[in-house]
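# Observations on the three-dimensional arrangement
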Amino acid sequence: MVSTEFNPIDYFLQLTEENLLCFENKFKGVRCSGPENIPALIDDYRKTANFVVVDDTTDNVVFGTRPGYQTRTVVTVWILSQYDFNDNIEREDKLNLCRRVFKQFLSRMLVDFQNDEITRGVIFLDTDNITYKELGRYSLNGVTGLYFIANIDKPTDLRYDETQWK
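None of the values given here were measured: they were computed from a predicted structure.

## Notes on the state of the cysteines
A full pass over the atoms with the stated rule returns zero disulfides. Not part of a disulfide, Cys22 finds its nearest cysteine sulfur in Cys98, a span of 9.2 Å. Overall, Cys98 belongs to the buried group, its relative accessible area being 0%.

Given below as structure tokens:
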């Protein structure tokens, strides 16, 4: 699944399609441009209660390593579930569902990024630091869940090529 042409957005959408818990609970994998667009996105899918939303406005940084350079792509993934706003028990159940999906995603990511045949030994997931935050009770009315941030590094060829210059 992972290669030097690795696309992190497609990767997380594929995890959503392949995960049995997501399948059983009808999670829809979608792209979104920033968290401010999530409410409109959810409104567009009124018949869908559960979402994995991958923010396609990734942050990137190029940094030097020995040897060479890497590009770090920072990807934000939201795991969201709708509930009856007045039902705190349902809210807790839905939050627990999102937590389970998150843990299953993490365990799959650890396997995928430790497999040299998949990563070709050059794509790395920062497994020492995967930040996540659960949504507060009033973040999105009737929606609970969490988001996590993954840092994925892959090699960047910055060799100077004189033929590219006048």
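There is more to say after this.
## Quick notes on the pattern of salt bridges
The full count for this structure, using the stated rule, is seven salt bridges. Of the charged contacts, one joins Asp153 and Arg72 as a salt bridge, the two residues approaching to 2.7 Å between their closest N and O atoms. In this pair, Asp153 is assigned in strand E7 (residues 143-156) and Arg72 in strand E4 (residues 69-82), connecting sequence segments 81 residues apart. Taking relative accessible area as the criterion, Asp153 reaches 10% and is therefore assigned buried.

## A few points about the confidence of the model for the protein
Confidence in the prediction of the protein, expressed as mean pLDDT, is 87, and 92% of residues score 70 or more. Mean pLDDT across the elements of the protein ranges from a minimum in helix H5 (residues 116-119), with 66, to a maximum in helix H2 (residues 20-24), with 97.

## Topic: the pairing of E4
Among the 14 residues of E4, ten are classified as buried, and the element is accordingly described as predominantly covered. Sheet topology note: the strand E2 (residues 50-55)/E4 ladder contains five bridges and is antiparallel. Pairing of Val53 across the sheet is with Trp78, part of E4. Judged from the six bridges that link them, strand E3 (residues 59-64) and E4 form a sheet pairing that is antiparallel. Counted as the bridge partner of Val61 is Arg72 from E4. With 14 bridges joining them, E4 and E7 adopt antiparallel strand pairing. Counted as the bridge partner of Thr71 is Lys154 from E7.

## Considerations on the pairing of E7
Bridge count for strand E5 (residues 124-125) against E7 is two bridges, and the pairing is antiparallel. Looking at E7, one finds that Phe124 is bridged to Asp153. Note that strand E6 (residues 131-134) and E7 share four bridges and pair antiparallel. Looking across to E7, one finds that Thr131 is bridged to Ile149.

## As for the nonpolar core
Counting residues in each nonpolar core, the largest one holds 28 residues, and the members touching the most others are Phe12, Ile79, Met109, Phe113 and Phe148. Elements with a contribution of two residues or more to this core: helix H1 (8-18), H2, E2, E4, helix H4 (88-114) and E7. If one sorts the elements of this core by residue count, H4 sits on top with seven residues. Of all hydrophobic cores here, the second largest spans twelve residues; its members include Leu41, Phe51, Val53 and Trp78.

## Some remarks on H1
Of all the positions in H1, only Pro8, Ile9, Tyr11, Phe12, Leu13, Leu15 and Thr16 are classed as buried. A side-chain oxygen of the first residue of H1 lies 2.9 Å from the backbone nitrogen of Ile9; this N-cap is Asn7.

## Concerning a nonpolar patch on the surface
Judged by side-chain polarity, Val62, Tyr69 and Leu158 come together as a nonpolar surface patch covering roughly 290 Å² of accessible area. Within the fold, Leu158 resides in the segment after E7.

What counts and how
Residues numbered from 1 in each chain as written. Predicted model: local features only at pLDDT ≥ 70, side-chain atom pairs only at ≥ 80, totals over all residues. Heavy atoms only, no water. Disulfide = S-S within 2.5 Å. Buried < 20%, exposed > 50% of the residue type's maximum accessible area, 1.4 Å probe, protein only. Salt bridge = Lys/Arg side-chain N within 4 Å of Asp/Glu carboxyl O. Helix = DSSP H or I, 4+ residues; strand = E, 2+ residues; numbered from the N terminus. pLDDT = per-residue confidence, 0-100. Pairing = 2+ DSSP bridges. Core = buried A, V, L, I, M, F, W, Y, C linked by side-chain atoms within 4.5 Å. Polar contact = N/O pair within 3.5 Å; in protein donor to acceptor, adjacent residues only side chain to side chain. Patch = residues over 30% accessible without salt bridge, like charges linked within 9 Å, V, L, I, M, F, W, Y side chains within 5 Å. Areas by Shrake-Rupley, 256 points an atom, 1.4 Å probe, with all protein chains shown as cover.

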